[in-house]
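# Descriptive structure summary
These are the residues of each chain, in order.
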Amino acid sequence: MKRQKKIDILYMDQDIIVCVKPQGMPVQNDKSRDLSLLNYLKNEITKSEKQIPELFIVHRLDRPVGGVMVFARTKDAAANLSGQIQKGLFEKYYQTVLTGYLPDDQGMLTDYLKKDGKTNTSKVVREGTKGAKLSRLEYEVLDIIETDQGVYTYALIHLLTGRHHQIRVQCANAGAGIWGDTKYNSKFQKTKRRYVQIGLYATKIQFLHPLTGKKLVFKTEPDGEAFDILDTEEF
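So, a few notes on the structure that sits alongside this text.

The rules behind each value
- In this convention, every chain numbers its residues from 1, walking through the sequence in written order.
- Where local features are concerned, this predicted model is filtered to residues with pLDDT of at least 70; where side-chain atom pairs are given and counted, the filter is 80 or more; whole-chain, interface and lining totals use all residues.
- Side-chain numbers come from the whole structure's heavy atoms, not from hydrogens or water.
- Here a helix means four or more residues in a row that DSSP labels H or I, a strand means two or more in a row labelled E, and each is numbered from the N terminus.
- When we talk radius of gyration, it's over C-alpha atoms, and the globule rule is simply 2.2 Å times the number of residues to the 0.38.
- Under the scheme applied here, a residue whose accessible area is under 20% of the maximum for its type counts as buried, over 50% as exposed, and between as partly exposed, the area being computed with a 1.4 Å probe on protein chains only.
- Contact between two residues is taken to exist if any of their heavy atoms lie within 4.5 Å; hydrogens are not considered.
- Computed by Shrake-Rupley with a 1.4 Å probe, the accessible areas treat only the displayed protein chains as cover when residues are assessed.
- Only four residue types enter the tally: Lys and Arg on the positive side, Asp and Glu on the negative side, with His and both chain ends excluded.
- Where a charge lies is defined by one atom per residue type, namely NZ (Lys), CZ (Arg), CG (Asp) and CD (Glu).
- By definition, a salt bridge exists where a carboxyl oxygen of Asp or Glu is found within 4 Å of a side-chain nitrogen of Lys or Arg.
- Patches here: salt-bridge-free residues with over 30% relative accessible area, like charges joined within 9 Å, nonpolar side chains (Val, Leu, Ile, Met, Phe, Trp, Tyr) joined within 5 Å.
- The term polar contact refers here to a pair of N or O atoms within 3.5 Å; inside protein, the definition further demands a hydrogen-donor-capable atom paired with an acceptor-capable atom, and it admits residues adjacent in sequence only when both atoms are side-chain atoms.
- Stacked, edge-to-face and tilted labels apply to pairs of Phe, Tyr and Trp rings (six-membered ring for Trp) whose centres lie within 6.5 Å, assigned for plane angles under 30 degrees, over 60, and everything in between, in that order.
- Charges are assigned to positions over rings by a cutoff of 6 Å between ring centre and Lys NZ or Arg CZ, combined with an angular limit of 35 degrees from the ring normal.
- Only strands that DSSP links by at least two bridges are regarded as paired with each other.
- We call a set of buried Ala, Val, Leu, Ile, Met, Phe, Trp, Tyr and Cys residues a nonpolar core when their side-chain atoms join them within 4.5 Å.

### Details of the overall build of the protein
Helix and strand counts for the protein stand at 5 helices and 12 strands. Computed over its C-alpha atoms, the radius of gyration of the protein comes to 18 Å, within 12% of the 18 Å expected for a compact globule of 235 residues. Every one of the 235 residues in the protein was classed for burial, and the buried ones make up 45%. Across the protein, every contact between residues at least 6 apart in sequence was considered, and the portion connecting residues at least 24 apart equals 62%. Total accessible area on the protein is roughly 13,400 Å²; 46% of this is exposed by carbon and sulfur atoms. With 36 positive and 29 negative side-chain charges, the protein shows a separation of 10 Å between the mean positions of the two kinds.

### Re the pattern of salt bridges
For the structure shown, the criterion picks out 6 salt bridges. Between R63 and D34 there is a salt bridge whose closest N-O contact spans 2.4 Å. Residue R63 is found in the loop between strand 3 (56-57) and strand 4 (66-72), and its partner D34 is found in the loop between strand 2 (16-21) and helix 1 (37-49); the two are separated by 29 residues along the sequence. For R63, a relative accessible area of 23% gives the class partly exposed. Where R168 meets D62, a salt bridge forms, and the shortest distance between an N and an O atom there is 2.9 Å. On the criterion of sequence distance, the pair formed by R168 in helix 3 (residues 166-173) and D62 in the loop between strand 3 and strand 4 is long-range, its members being 106 residues apart.

### A few points about a positive patch on the surface
Residues R60, K115, K133 and R163 make up a contiguous surface patch of positive charge. Within the secondary structure, K133 is located in strand 8 (residues 133-147).

### Section: unusual backbone geometry
For K50, which is not glycine, the phi dihedral falls at a positive 60°. Checked against the element boundaries, K50 lands in the loop between helix 1 and strand 3. With a phi angle near 55°, H165 is a residue other than glycine that sits in the positive phi range. Looking at where H165 falls in the secondary structure, it is placed in the loop between strand 9 (150-159) and helix 3.

### Re helix 3
Of all 8 residues in helix 3, 6 are buried; the element is thus mostly enclosed. For helix 3, the set of buried residues is Q166, I167, R168, V169, Q170 and C171. A positive phi of about 95° marks G175, the residue just after helix 3.

### Here we look at the environment of T119
With respect to the helices, strands and loops of the structure, T119 is situated in the loop between strand 6 (106-116) and strand 7 (121-125). Side chain to side chain, T119 and T121 meet in a polar contact 2.6 Å long.

### Some points on the packing of aromatic side chains
Any two aromatic rings considered together are summarised by their centre-to-centre distance and by the angle between their planes. Tallied over the full model, the rule gives 5 aromatic pairs. Ring centres of F90 and F207 lie 5.2 Å apart, and the angle between their planes is 10°; this geometry places the pair in the stacked category. You can see F90 sitting in the loop between helix 2 (75-87) and strand 5 (91-99) and its partner F207 sitting in strand 11 (residues 200-208), a full 117 residues away along the chain. Through pairs of rings, three or more aromatic residues link up here, namely Y11, F90, F207 and F218. Its guanidinium or amino end placed over the ring of Y93, K204 lies 4.9 Å from that ring's centre, counting from NZ or CZ.

### So, the pairing of strand 6
Sheet topology places strand 6 next to strand 8; 8 bridges connect them, and they run antiparallel. Bridge assignment links D111 to a residue of strand 8, and that residue is S135. Counting the residues that bridge the hairpin from strand 6 to strand 7 gives 4 residues, and of these N120 lies at a positive phi of roughly 55°.

### A few points about the side chain of T147
Relative to the elements of secondary structure, T147 occurs in strand 8. Exposure remark for T147: the relative accessible area of 14% places this residue in the buried category. Side-chain polar atoms of T147 contact the backbone nitrogen of Q149, separated by 3.0 Å. A polar side-chain atom of T147 sits 2.7 Å from the main-chain carbonyl oxygen of G150.

### Structural notes on the nonpolar core
Generally speaking, nonpolar side chains in soluble globular proteins are found buried as a group. Among the nonpolar cores identified, the biggest contains 32 residues, and L37, L41, F71, Y94 and I167 are the most heavily contacted of them. Only strand 2, helix 1, strand 4, strand 5, strand 8, strand 9, helix 3 and strand 11 provide two or more residues apiece to this core. Counting residues per element, this core draws most heavily on helix 1, at 5 residues. Ranked by size, the runner-up nonpolar core spans 15 residues in total, among them V18, F56, V68 and A78.

Next up, the structure:
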């Protein structure tokens, strides 16, 4: 049985725990029965505190996406963090490697997304479509890399709304699908390879501590195959 790599815990107190989610790991239990991040953290806290903790999910990352996350350790903390998300006080930033060009060097993507629960996918639809939700993100192009395989765009994403698969859908709709995304990027949909990591990484979160109100900022840098493209000497 493959041994689980130790997960980085960046901060922990009686109200919250902040960690770095590995690419390919589910946030909570799914049909795969693979170890989830939620259960991993419960096991680690149990080892140190000798009691089974309560943990509450306040935001999510798709399974193939890695990066920094915060979990609440009390119901009050969960309610506070969820309130910050609703009010736009919880900031989330992502680094991404895209195949293609974004419309401008920096800008905003605004779309209406609708989720299909049967296929676990979302798509861009017209405003006014039943069940559609307004979705917005800001982006800044950090680099453009021209290769024999095509153009790669390295960008920073500031997520303004938290919709299902939002960044993946909006970038693909803008003509710059995420590297390795077999669900939304047509360049990877026909590949026989299963990509457990895609070129999307939650690099920074910023919020107010639910008890003290102190501003907290946590950062982490991406690694892995998608982001190794940026360091290849021939480019």
